[in-house]
Amino acid sequence: MSVKIEESWKAVLQDEFEQPYFQPITVYIKKELAAGKTIYPPGPLIFNAFDKTPFEKVKVVILGQDPYIKPGEAMGLSFSVPKGVRVPPSLQNIYKELKDDLGCEIPKHGDLTKWAEQGVFLLNAALTVERGNSNSHAGIGWHKFTDAVISKLSNGREGLVFMLWGNFAKNKASLIDPFNHLVLEAAHPSPLAGNRFNGCKHFSKANEYLAMNGKGTVDWCIQ
């Protein structure tokens, strides 16, 4: 089956696309659409994180659970929403931490494409979701696929930063070689986590590590 995805990722993941679990994912989504259900993000944006951040360009991985479930929000980049859409509470807290950590002014929009284009791989563990039904596609095979993506980054690259926020993301730590990469863990930025994300200083820690490894830092400030 042909998958429209950035060429370097297509080469790295070709064996995954041929695994028995993968085609049923697309079959399931097509059936849901045929039944009149709305799936987010729109088809062309399902692999947006991969398209914006080629395999060899990845510096940092930020793992989310699944896409936003409200109309117009999901854009295939974890935690990101298009310009003109209200900034979600978790992203508001990320922006607050950026201001405290690096002095970044808090932007008026939630589009994180600037990060993705600098090598910040904004990966959701499930790449699709049914409108209004959080985590509804967690069991259709996406987790096998994205676990393989994390493993291929861990095994195929060196000196990356993995930011694991919340218990769901922390459970992926076993897929990452801590001797070849920096693994940063914190509470989820959601207000439901009681502001325990605040003060983690992951952004400055990431830049320090990237600089030490000769990869160049990320300009985290969103204009």
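These notes cover the structure that comes with them. (Residues numbered from 1 in each chain as written. Predicted model: local features only at pLDDT ≥ 70, side-chain atom pairs only at ≥ 80, totals over all residues. Heavy atoms only, no water.)

If you look at the biggest cluster of nonpolar residues, it comprises 69 residues, and the most contacted ones within it are Phe50, Trp115, Trp142, Phe145 and Trp220. When residues no more than four places from it in sequence are discounted, the contact partners of tryptophan 142 are Phe22, Ile25, Ile29, Ile46, Phe47, Ala125, Ala126, Leu127, Thr128 and His137. (Core = buried A, V, L, I, M, F, W, Y, C linked by side-chain atoms within 4.5 Å. Buried < 20%, exposed > 50% of the residue type's maximum accessible area, 1.4 Å probe, protein only. Contact = heavy atoms within 4.5 Å.)

What follows deals with the sheet that holds strand S6 (residues 182-186). Sheet strands pair via backbone hydrogen bonds, and the direction of the pair is either parallel or antiparallel. Pairing in this open sheet of four strands is parallel, and the strands run S3-S2-S5-S6 from one edge to the other. In this open sheet, the two edge strands, each paired with only one partner strand, are strand S3 (120-124) and S6. Pairwise comparison of adjacent strand axes, ignoring direction, gives a mean angle of 20° for this sheet. As defined by bridge partners, strand S2 (residues 60-64) adjoins strand S5 (residues 161-165) across three bridges and the pair is classed as parallel. Residue isoleucine 62 lies in a different strand from S5, and its bridge partner there is methionine 163. Contacting S2, S5 and S6, helix H8 (residues 202-212) runs over the sheet at an angle of about 165° to S5. (Pairing = 2+ DSSP bridges. Helix = DSSP H or I, 4+ residues; strand = E, 2+ residues; numbered from the N terminus. Axes fitted to C-alpha atoms, helices over the stretch in contact; angles between N-to-C directions.)

One can describe the packing of helix H4 (residues 89-102) onto H8 by two numbers: an axis separation of 8 Å at closest approach and a directional angle of 60°. Of the possible angle classes, the one that applies to H4 and H8 is oblique. The segment H4 lies against H8, with Ile94, Glu97, Leu98, Asp101 and Leu102 engaging His202, Phe203 and Ser204. Each residue belonging to the contact of H4 with H8 can be placed in one class, and the counts come to four nonpolar, two polar and two charged. (Parallel < 35°, antiparallel > 145°, perpendicular 65-115°, else oblique. Nonpolar A, V, L, I, M, F, W, Y, C, P; charged D, E, K, R; others polar.)

Spatial relationships are all this shows, so hold off on functional conclusions.
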